[in-house]
Amino acid sequence: MRVVIKNDYEELSRWAADYVVYRINKHKPSPKHLFVLGLPSGSTPLGMFKYLAQYYKEGKVSFANVVFFGMGEYVGIGAGDERGFQYFLWDKFLKYVNIKKEHVYFLNGLTTDFAKECANYEATIQKYGGVDLFIGGIGEDGHIAFNEPYSSLCSRTRVKTLAPSTLKANSRFFDNDISKVPPLVLTIGIATMMDAQEVMIMATGAAKAEAVKHAIEDNITHVWPVSILQQHPHGIIACDKDATSKLSDKTIEYFREIDKNKF
């Protein structure tokens, strides 16, 4: 596992965007050699999105041959609903860059056949040869995508019930009314994420420190789903200083010492 520690949110956001640009450009995407990117929603990636849009405008990167997969969607919420993750990603990032709409995929929260929708999503990912880089956030309880604590570490895209802590955290998008937050989501599974060539989890703020500690220093367990990243051959946890506040000084020193290269 690689751990990247930056001083604050802004520095972390810039590094994450720089890394995405580096990976895309290194891949040299073309119509026959697409780069496949998994994207998170939520507040953590907003700074990264800002820099990616800026880099596109500056001509440093093109998204014309990049395929995007969203990580999940609320059951009962459709593409045009501003509370949904699909709307969020279009509004905060995708509309600012040169994507092709046929290269953007989201789970359909309005489906009436959950099993078919989830199976088709997995099949579509495989149609493109898998994901090159999955980017995710992390919940205070260690959930990744919407794989809450006690999720199977072998799980695939499926319906999931949200934990009370996640409902509370996401109520900020629903007028701070937890009763308005849909209790069910469609989400990629942990094994789906782990199949990616590379996974980068972003963590910011002291509230994520406990989850970061379990991800890096403690044993792999379904109680803290993010801990599975220890088994990925190319896993990155990119975090700001506040998110490392519960790591030991030895751990922090070790990762700061070895992470001398920009990428």
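In this convention, every chain numbers its residues from 1, walking through the sequence in written order. Selection of residues for local features in this predicted model requires a pLDDT of at least 70, selection of side-chain atom pairs for listing and counting requires 80 or more, and totals for whole chains, interfaces and linings are taken over all residues. Remark: hydrogens and water are excluded; side-chain values derive from all non-hydrogen atoms of the structure.

*Asks:* Tell me about the sheet that holds strand β8 (residues 184-187), residues and numbers included.
*Replies:* Strands in a sheet are paired, the pairing made by backbone hydrogen bonds, and the direction either parallel or antiparallel. Pairs of strands are assigned from DSSP output, requiring at least two bridges between the strands. Secondary structure elements follow DSSP: runs of H or I no shorter than four residues count as helices, runs of E no shorter than two count as strands, and numbering proceeds from the N terminus. Strand order across the open sheet formed by 3 strands is β4-β8-β7, with antiparallel pairing between neighbours. Of all the strands in the sheet, the pair left with one neighbour each is β4 (72-74) and β7 (158-161). Put simply, the sheet's adjacent strands are angled 30° from each other on average, direction ignored. Each axis is a line fitted through C-alpha atoms, taken for helices only over the stretch in contact, and angles between the N-to-C directions span 0 to 180 degrees.

*Asks:* I'd like a rundown of the packing of aromatic side chains, residues and numbers included.
*Replies:* Ring pairs shown here join Phe, Tyr and Trp side chains whose ring centres sit within 6.5 Å, with only the six-membered ring taken for Trp; geometry is labelled stacked below 30 degrees between planes, edge-to-face above 60, and tilted in between. According to the stated counting rule, one finds 17 aromatic pairs in the structure shown. On the numbers, 6.1 Å between centres and 35° between planes, the contact of Phe-63 with Phe-68 is tilted. Relative accessibility decides the category of a residue: with a 1.4 Å probe and only protein chains considered, values under 20% of the type maximum give buried, values over 50% give exposed, and everything between is partly exposed. Residue class for Phe-68 comes out buried when judged on its relative accessible area of 2%. A ring pair is formed by Tyr-74 and Phe-85, whose centres lie 4.5 Å apart and whose planes are at 25°; its orientation type is stacked. Taken together, the positions of Tyr-74 in strand β4 and Phe-85 in helix α3 (residues 85-92) put the pair 11 residues apart, joining distant regions of the chain. Its relative accessible area of 0% is what places Tyr-74 among the buried residues. On the accessibility criterion, Phe-85 (7% relative accessible area) is buried. Among the aromatic side chains, those forming a connected cluster through ring pairs are Phe-49, Phe-63, Phe-68 and Phe-93. The criterion for a charge sitting over a ring is simple: Lys NZ or Arg CZ within 6 Å of the ring centre, and within 35 degrees of the ring normal. Seen from the ring of Tyr-51, Lys-50 lies directly overhead, with NZ or CZ sitting 4.7 Å from the centre.

*Asks:* Break down the pattern of salt bridges for me, citing the residues and quoting the values.
*Replies:* Here, a salt bridge means any Lys or Arg side-chain nitrogen found within 4 Å of an Asp or Glu carboxyl oxygen. Applying the stated criterion across every chain yields a total of 13 salt bridges. For Glu-58, the salt bridge is made with Lys-60, and the minimal N-O distance between the two is 3.1 Å. The exposure class assigned to Lys-60 is partly exposed, which follows from its relative accessible area of 48%. Connected via shared salt-bridge partners are Asp-91, Lys-92 and Lys-95.

*Asks:* Help me get a handle on the pairing of strand β9 (residues 198-203), residues and values and all.
*Replies:* Both faces of the sheet carry side chains from a regular strand, because those side chains alternate between them. Burial analysis of β9 places 6 of its 6 residues in the buried class, which makes it a mostly covered element. As defined by bridge partners, strand β6 (residues 133-136) adjoins β9 across 4 bridges and the pair is classed as parallel. Note on β9: the bridge partner recorded for Gly-136 is Ile-201. Both β9 and strand β10 (residues 235-240) contribute to a ladder of 5 bridges, which runs parallel. Across the sheet, residue Val-199 finds its bridge partner in β10, namely Gly-235. A crossover counts as right-handed when, viewed with the strands pointing away from the observer, the path leading from the first strand over the helix to the second turns clockwise. Read as a crossover between parallel neighbours, the route from β9 over helix α7 (residues 209-216) to β10 is right-handed.

*Asks:* Before we move on, can you summarise unusual backbone geometry with the specific residues and values?
*Replies:* Although it is not a glycine, Lys-28 sits at a positive phi angle of roughly 55°. Structurally, the position occupied by Lys-28 is in the loop between α1 (9-27) and β2 (35-39). The class for Lys-28 is exposed, based on a relative accessible area of 65%. Phi angles above zero are rare outside glycine, and Tyr-150 is one such case at about 80°. Using a relative accessible area of 57% as the deciding quantity, one classes Tyr-150 as exposed.

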